[in-house]
2 protein chains.
Amino acid sequence: METRELRYFVAVAEELHFGRAAQRLGIAQPPLSRAIQQLERRLGAALLERGSRGVTLTDAGSVLLREGQAALDAIDAAERRTRRAALAPTGRPGVVLVTKAGATGELLAKLLDAYAAEPGAVAVDVVLCGIGEQERLLRDGRADVALLHRPFDSTAGLDTEDLHAEGQVVVLPAGHPLTGRTHVRMSDVAALPGLPMPRWPNLDGTFPDGAGPPVHNHTQLLQLVALGRASAILPESVRPQLRNGLVAVPVADAPTVTTVIAWPPHSRSRAVAALVRAATRL
Amino acid sequence: METRELRYFVAVAEELHFGRAAQRLGIAQPPLSRAIQQLERRLGAALLERGSRGVTLTDAGSVLLREGQAALDAIDAAERRTRRAALAPTGRPGVVLVTKAGATGELLAKLLDAYAAEPGAVAVDVVLCGIGEQERLLRDGRADVALLHRPFDSTAGLDTEDLHAEGQVVVLPAGHPLTGRTHVRMSDVAALPGLPMPRWPNLDGTFPDGAGPPVHNHTQLLQLVALGRASAILPESVRPQLRNGLVAVPVADAPTVTTVIAWPPHSRSRAVAALVRAATRL
DNA sequence: AAGCGGCGATACCTCCCCGGTATCGGACCA
DNA sequence: TGGTCCGATACCGGGGAGGTATCGCCGCTT
């Protein structure tokens, strides 16, 4: 199977429309139709159901969509990492570390310090990205190592090492009745009148249904809490970042948040290994 | 990057010889040279060092070899799994389970029984393969789920669930002085005169250097032990398989062997999920 | 030192296949 | 029943992949 065919199929499978897929690929529609037919013939499998109501995926098509996306990511990763390796004349390319904006501030600073103090340390580019994007950045080669937070971030398909575990707190506007308590339970928070949990965007940018206000980052979120429009359950380590007017109360039965360092499983980079070693020694 | 280019590069990088690589690929040498040059130009990276003493890999080339092999495996997996999905008219393709020949006999039987008793169970093809091949079978789509043994098998890049932990025993010919002991230590075994540890083949079929006899499977190994030519450290569960003339003595400080069930991280197969659930309930 | 063999690069040719334009055919709709 | 939306088909042109022949370089031989 050629990557061209895979890219074509993934485009059609995502758009479920030959015309739009062709446009997105920058080619005309007829060659796209032909390429997909040819792919189906060579695989001996019907991938798409062409109905008058548009195009739908067959079971085999769904499999190829998932597996094909993973394969295309692997190819992108190969290309990117090769380019990066070639840029480093010393054989010591820099490392790209990715983490969520607004999280792990202190831990990240300590990690960078500890690593920089090691002999043979190389430059570390820190990339801050949106929710849920880290795994993709690691898989397609735009990043070499990530700081993730279980159970929020998926670590499937990555090698990880646990760094830090912490409980969670509910962040409330100052003066809220619950702020007097030494701790609360999840059920207390879920039932708060007028302070719904906010909604985070899905990977495709849309928002799930629900009552809470849509938010894109932690700053927005905390501002909404301060305005009395929302409540938020966050790891304890947000406490130092809380502005005046916000109070954090421990949630006894919220799941523990574990900060982990993660990297692609077949990584053989010395720099990543050293970074992981530094992290585990923190 | 096209898979054709990747395949060509991987062939050259593995052979370190354009002529042989071309032969292996079934093409002539000049187009291969051209394709590699073009790839290097497009990546803006030197991948190979052409010296009069043959071809060597640059740093960037090493990166592309590793990443490229992973990407090609992902593409093979996409193709194979799509084909398999298309063969199953009910949307319930069979599952391919892979494990080492001669190991996990009892556990595997129990697992297959437990899974078969579940509603909606599908056919399970059991593939027995050689040492160290399981990961590759999972990654390139020839298998869907595997039984592995830590710490011998690498589980990098796979999702796993622990099933069973056991100690190890040293297998000796009956009558050997150590067979009177209730347990031994690694240092006792390492120093045994005339009973060296056997050598297992590497992934490419060659054998590492050393004193022990080369072996390919457990039957060979146990026969050599019975002949007084070798000793072997194996998981406790081999005891029932031991023929007369062989004695097992627990090794107190040998690493614990954990049997795990493993599957590709992005697997969405219902059947694999059910199999894993059945396994964890054993 | 000249010859020779091994190996990758270059030159040049051919043909396939990819992509483009024009058009068709069926389904749904007013 | 004409319109239009959408994928398939027909046909054409150009680029690129692969083949053969040959070159250029290096190291070995005697």
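Refer to the structure above for everything that follows.
Quantities reported herein were computed from a predicted structural model and do not represent experimental measurements. (Residues numbered from 1 in each chain as written. Chains lettered and ligands numbered in written order. Predicted model: local features only at pLDDT ≥ 70, side-chain atom pairs only at ≥ 80, totals over all residues. Heavy atoms only, no water.)

> Which parts of the structure should I look at to understand the interface of chain B and chain A?
A common measure of how large an interface is: the accessible area buried when the components associate. Each partner contributes to the interface: chain B provides 37 residues, whereas chain A provides 37 residues. A per-residue breakdown of the area chain B buries against chain A is headed by Met1, Glu67 and Thr82 of chain B, which together make up 19% of the total. Inspection of the region where chain B meets chain A yields four salt bridges. The partner of Arg81 of chain A in a salt bridge is Glu67 of chain B, and the shortest N-O contact between them spans 3.2 Å. Taken together, the connections running from chain B to chain A amount to 16 residue pairs in polar contact (both at pLDDT 80 or more). Among the elements of the structure, α1 (3-15), α3 (29-43) and α4 (59-87) of chain B are those that each provide at least two residues to the side of chain B that touches chain A. (Contact = heavy atoms within 4.5 Å. Buried area = accessible area lost by both parts, 1.4 Å probe. Salt bridge = Lys/Arg side-chain N within 4 Å of Asp/Glu carboxyl O. Polar contact = N/O pair within 3.5 Å; in protein donor to acceptor, adjacent residues only side chain to side chain. Helix = DSSP H or I, 4+ residues; strand = E, 2+ residues; numbered from the N terminus.)

> Can you walk me through the relation of the copies chain B and chain A in this structure?
Two chain copies, one operation linking them: a rotation about an axis together with a shift along it. Laying chain B over chain A is done by rotating through 180° and shifting 0.0 Å along the axis; what remains is an RMSD of 0.2 Å. Given the turn and translation reported, the copies of this chain are related as if by a two-fold rotation axis. Nearest to the rotation axis, the C-alpha of Gly157 of chain B is located 2.2 Å from it, this being the minimum over chain B. Of all interface residues in chain B, 100% are interface residues in chain A too; the two copies therefore contact each other through one and the same surface. (Least-squares fit on C-alpha atoms with pLDDT ≥ 70 in both.)

> What is the right way to read the packing of helix α1 (residues 3-15) of chain A against helix α3 (residues 29-43) of chain A from this model?
All names here are of chain A. As a packed pair, α1 and α3 sit with axes 10 Å apart at the nearest point and diverge in direction by 110°. Comparing the axis directions of α1 and α3 gives the class roughly perpendicular. Listed contacts from α3 to Arg4, Glu5, Tyr8, Phe9 and Val12 of α1 are Leu32, Ala35, Ile36, Leu39 and Arg42. Considering only residue class, the contact of α1 with α3 consists of seven nonpolar, no polar and three charged. (Axes fitted to C-alpha atoms, helices over the stretch in contact; angles between N-to-C directions. Parallel < 35°, antiparallel > 145°, perpendicular 65-115°, else oblique. Nonpolar A, V, L, I, M, F, W, Y, C, P; charged D, E, K, R; others polar.)

> I tried to follow the layout of surface pockets on my own but got confused; where do I start?
Once rolled over the atoms, a probe with the size of a water molecule shows which space is left empty. Residues and elements named next belong to chain B. By volume, the second largest pocket amounts to about 1000 Å³. Taken together, 44 residues make up the lining of the second largest pocket; nearest its centre are Lys100, Phe152, His218, Leu234 and Pro235. Considering only residue class, the lining of the second largest pocket consists of 24 nonpolar, 13 polar and seven charged. Formed jointly, the lining of the second largest pocket draws a minimum of three residues from each of two domains, domain 2 (93-164 + 257-280) and domain 3 (168-251). (1 Å grid on protein atoms, 1.4 Å probe; cavity = no way out; pocket = protein on both sides within 12 Å on 5 of 7 lines; lining within 4 Å. Points joined across faces, edges and corners; volume = space filled by probe spheres on them. Domains from an automatic or database assignment.)

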